[in-house]
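# Analysis of the macromolecular model
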Amino acid sequence: MILTFILWGVKAFVENWCCVWYNFISKGVSMKVILLKDVVSQGKAGELIDVSDGYARNYLIKNKLAIEATQAKINEINQKKQAEERKRAIEREECRAKADIINKTQITLKVKCGANGKVFGSIQSANIADELKKHGIEIDRKKIVLPQPIKIAGEYEIEIRPYPEISAKLKVSVVEDR
C-alpha cells in the first residue's frame, strides 16, 4: 500500500513535470523588443514585436538591431509617433493650401521657337519650377509630373503633386519669344 502510494506520487510528479517542460518548450519564452533598424521578416524600425528570448538576446540586442521593450520606452515611441503624425498633418495642410494656389495659377513661358512652333531644346520640370518661384510658389522640380518634355508651343495642363495624395493642375502657356 505504501509502495503504491509512493509510485502514484512519483507518477504524478513526473507527469506534472513533463507537462510543465512540454509547455515551456512548445510555447517558448518570448520577449517584447523595439526594433531600432529594419529587420527582414520581423518588422520595420520603431515597431514593437514579440520574438523568442534567445533570438532577442543573442541576435537582435547583441547586434544593436533592437532594444528590450520597457513601459517607458514604449511610451517614448508612442509619443514620437504622435508628434510625427501631427507634423505630417501640418505638412499635409500646407500642401493642400499650396495646391489650391497652384490650381488658380497660370504661367507663361517665353522661349525661342523654330518653324511650326517647335521649341529650340525643350521645357523641363526645372524650367516650370523656376517660373513658379518667380510667382512666389516654392515647389521642388521632382514634384512636377511631366510625362515628357514640352517641345511645341501651346497651352498645357501640368500635374503637380506637392504631397503623395494631393494633386494640383497648373496651366502653362508656352509662347514664342520674338
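Rules of the game
Residues numbered from 1 in each chain as written. Predicted model: local features only at pLDDT ≥ 70, side-chain atom pairs only at ≥ 80, totals over all residues. Heavy atoms only, no water. Helix = DSSP H or I, 4+ residues; strand = E, 2+ residues; numbered from the N terminus. Buried < 20%, exposed > 50% of the residue type's maximum accessible area, 1.4 Å probe, protein only. Contact = heavy atoms within 4.5 Å. Areas by Shrake-Rupley, 256 points an atom, 1.4 Å probe, with all protein chains shown as cover. Expected span 1.5 Å × (residues − 1). pLDDT = per-residue confidence, 0-100. Pairing = 2+ DSSP bridges. Axes fitted to C-alpha atoms, helices over the stretch in contact; angles between N-to-C directions.

### Quick word on the overall build of the chain
When helices and strands are tallied, the chain shows four helices and nine strands. Beginning at the N terminus, the succession of helices and strands in the chain can be written as α-β-β-α-β-α-β-β-α-β-β-β-β. The burial tally for the chain puts 25% of its 178 residues in the buried class. Contacts in the chain between residues at least 24 apart in sequence constitute 48% of all its contacts with a sequence separation of at least 6. By element, 55% of the accessible surface of the chain is carried by carbon and sulfur atoms, the whole surface being about 13000 Å².

### Some details on helix α3 (residues 71-104)
For α3, spanning 34 residues, the distance from its first C-alpha to its last is 50 Å, which sits close to the expected 50 Å at 1.5 Å a residue. Buried within α3 are the following residues: Ile77, Cys95, Ala99 and Ile102. Tucked into the core, α3 has its buried residues touching β1 (30-35), β8 (154-163) and β9 (166-176).

### Details of unusual backbone geometry
At Lys64, a residue that is not glycine, the phi angle is positive and equals roughly 55 degrees. Locating Lys64 in the fold gives a position in the loop between α2 (53-60) and β3 (66-68). What makes Lys64 exposed here is its relative accessible area of 62%. Although it is not a glycine, Asn116 adopts a positive phi angle of roughly 60 degrees. Take Asn116: its relative accessible area is 76%, and that puts it in the exposed class.

### Things to note about the confidence of the model for the chain
For the chain, the mean per-residue pLDDT works out to 86, and 84% of the residues sit at or above 70. Of all secondary-structure elements in the chain, the lowest mean pLDDT belongs to helix α1 (residues 2-27), at 54, while β3 reaches the highest, 94.

### A closer look at the sheet that holds β3
An order of β2-β1-β3 is seen for the three strands of this open sheet, with the pairing classed as antiparallel. Of all strands in the sheet, those with a lone pairing partner are β2 (48-52) and β3, marking the two edges. On average, adjacent strands in this sheet sit at an angle of 45 degrees to one another, irrespective of strand direction. Where β1 lies against β3, three bridges are found, and the strand directions are antiparallel. Residue pairing for β3: Ile34 is matched across the bridge by Ile67. Sheet strands touched by α2: β1, β2 and β3. Its angle to β2, the strand with the most contacts, is close to 105 degrees. Strands in contact with α3 are β1, β2 and β3; relative to β1, the strand with the most contacts, it is inclined by about 35 degrees.

### Notes on the sheet that holds strand β6 (residues 144-145)
The strand order across the open sheet formed by four strands is β4-β9-β8-β6, and the pairing between neighbours is mixed. In the strand order of this sheet, the two ends are held by β4 (106-111) and β6, each with one partner. One ladder, built from eight bridges, connects β8 with β9; its direction is antiparallel. Of the residues in β9, the one forming a bridge with Ile160 is Ala168. Sheet strands touched by helix α4 (residues 125-134): β4, β6, β8 and β9. Its angle to β4, the strand with the most contacts, is close to 120 degrees.

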